[in-house]
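Architecture at a glance
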Amino acid sequence: MTSSNLSPVGEQVGQFYDQLMGAFDASLYGPNIHVGFWNSQEDTTGLEDAADRLTDMMIDRLQVGPGDRVLDIGCGLGGPAIRLAQRTGAEVVGISVSLKQVERANELAEAAGVSGKVSFQHGDAMNLPFDDASFSAVWMLESVMQMPDRTAALTEAARVLRPGGRLALTDNYERETISEERRPVIEGILKRYLTQSPASFEAYPTMLREAGLRCAEIIDVSENTTRQSVKRLGEALAKNMEQLAAKVDPEVFAKLKPAEGENLEMPEVGYLIVTARRPAA
Ligand code: SAH
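So, a few notes on the structure that sits alongside this text. All values reported here derive from a predicted model rather than from experimental measurement.

1. Brief notes about the layout of surface pockets
Considered as a void within the structure, the largest pocket measures approximately 1500 Å³ in volume. Lining of the largest pocket is provided by 44 residues; of these, Tyr 29, Tyr 193, Leu 233, Leu 237 and Leu 264 occupy positions nearest its centre. Among the elements of the structure, helix H1 (8-19), helix H2 (21-25), helix H7 (183-192), helix H9 (226-245), helix H10 (250-256) and strand E7 (269-277) are those that each provide at least two residues to the lining of the largest pocket. When residues in the lining of the largest pocket are grouped by element, the largest group, ten residues, is from H9.

As structure tokens, then:
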């Protein structure tokens, strides 16, 4: 099923996740589709707990409580939104371009007993189906890098955020200069997962300002997240490859599977946590 109010990129990303639903349902990260946070190389925390740890760090940044209403842009399977509601008492609305994710996320909210407080719907970040200033806070957890235009997506997020409200997100950025030789390799890997080119750390505050926001904090957590997860996820995948392959269309799986001997580590691509605020009117 398609929906006319999705952008072409949103439509494509939605189909991508719909096709991969089986794999994420058997997911090694639990109901999360984002990297974990590890305190050190020696930290033996499992993938799901490490993913929850990153969610908790993002929850702290929103500073919300009972009576607040939060928008989760790019909600995935809903795990982070459910956790946010349970930990803070805030109401949460999640949106995704994947119909199957929305369906699954609503089931998970029901199962967790929070469907009165947490709901998920189909929609596109580039054209949010919500009124101006209708949310106390907004987050975009590992989703903005799949959107066709970061500044436009942030402008939409700022529009629905009430003055004084906070926005928290995670994103990829160019941590080391990407050489001419490496660029096609990196772009190839990112494209396979429908991910746009990494952002610029230096340009982030300006981009936020252009969107009507003010930067509160930008931190590079690459050492604790992406620099650890490729190896850890690779090990877990190797153990579960057959189980995952059985749950996805073989053609889709073949397209996603790293080529024999391909190294998915991209030291040039770092991971950021960004917090911003919409100025009080
Ligand atoms: N935030 C979730 C999921 C991250 S995966 C988590 O941390 O677990 C990226 C999510 O962004 C997916 O749910 C995908 O459907 C969503 N997404 C990507 N582009 C989008 C767009 N244009 N509009 C709405 N959602 C989008």
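2. Some points on the environment of Val 70
Note on placement: Val 70 falls in strand E1 (residues 69-73). When the C-alpha positions of Val 70 and Val 118 are compared, they lie 9.5 Å apart, and in sequence the two are 48 residues distant. If near-sequence neighbours (up to four positions away) are discounted, Val 70 is found in contact with Leu 62, Val 64, Leu 84, Ala 90, Glu 91, Val 92, Val 93, Phe 135 and Ala 137.

3. Remarks on the packing of aromatic side chains
Taken as a whole and assessed by the stated rule, the structure comprises three aromatic pairs. A centroid spacing of 5.1 Å and a plane angle of 85° characterise the contact between Phe 16 and Tyr 17, whose relative ring orientation is edge-to-face. The buried category is assigned to Phe 16, whose relative accessible area is 12%. Judged by its relative accessible area of 12%, Tyr 17 falls in the buried class. For the pair Phe 130 and Phe 135, a centre-to-centre distance of 5.1 Å together with 90° between the ring planes defines the contact as edge-to-face. Each member of the pair, Phe 130 as well as Phe 135, is classed as buried.

4. Considerations on the site of the ligand
The full set close to the ligand counts 20 residues, and Ile 33, His 34, Gly 74, Gln 101 and Leu 141 are the nearest of them. In this structure, Asp 124 approaches the ligand through a side-chain N or O atom, which is 3.0 Å from a nitrogen atom. Within the complex, the protein chains bury 99% of what would otherwise be the 570 Å² of accessible surface of the ligand. When each cavity is represented as a set of grid points, the ligand is found to reside in the largest cavity.

5. Looking at the environment of Pro 163
If you trace the backbone, Pro 163 turns up in strand E5 (residues 161-174). Residue Pro 163 is classed as partly exposed on the basis of its relative accessible area, which comes to 30%. As a C-alpha pair, Pro 163 and Ser 134 span 29 residues in sequence and 9.9 Å in three-dimensional space. Setting aside its immediate chain neighbours within four residues, Pro 163 contacts Ala 133, Arg 278, Pro 279, Ala 280 and Ala 281.

Calculation notes
Residues numbered from 1 in each chain as written. Predicted model: local features only at pLDDT ≥ 70, side-chain atom pairs only at ≥ 80, totals over all residues. Heavy atoms only, no water. 1 Å grid on protein atoms, 1.4 Å probe; cavity = no way out; pocket = protein on both sides within 12 Å on 5 of 7 lines; lining within 4 Å. Points joined across faces, edges and corners; volume = space filled by probe spheres on them. Helix = DSSP H or I, 4+ residues; strand = E, 2+ residues; numbered from the N terminus. Contact = heavy atoms within 4.5 Å. Phe/Tyr/Trp six-rings, centres within 6.5 Å; stacked < 30°, edge-to-face > 60°. Buried < 20%, exposed > 50% of the residue type's maximum accessible area, 1.4 Å probe, protein only. Near = heavy atom within 4 Å. Polar contact = N/O pair within 3.5 Å; in protein donor to acceptor, adjacent residues only side chain to side chain. Areas by Shrake-Rupley, 256 points an atom, 1.4 Å probe, with all protein chains shown as cover. Sits in = over half its atoms within 2 Å of the grid points.

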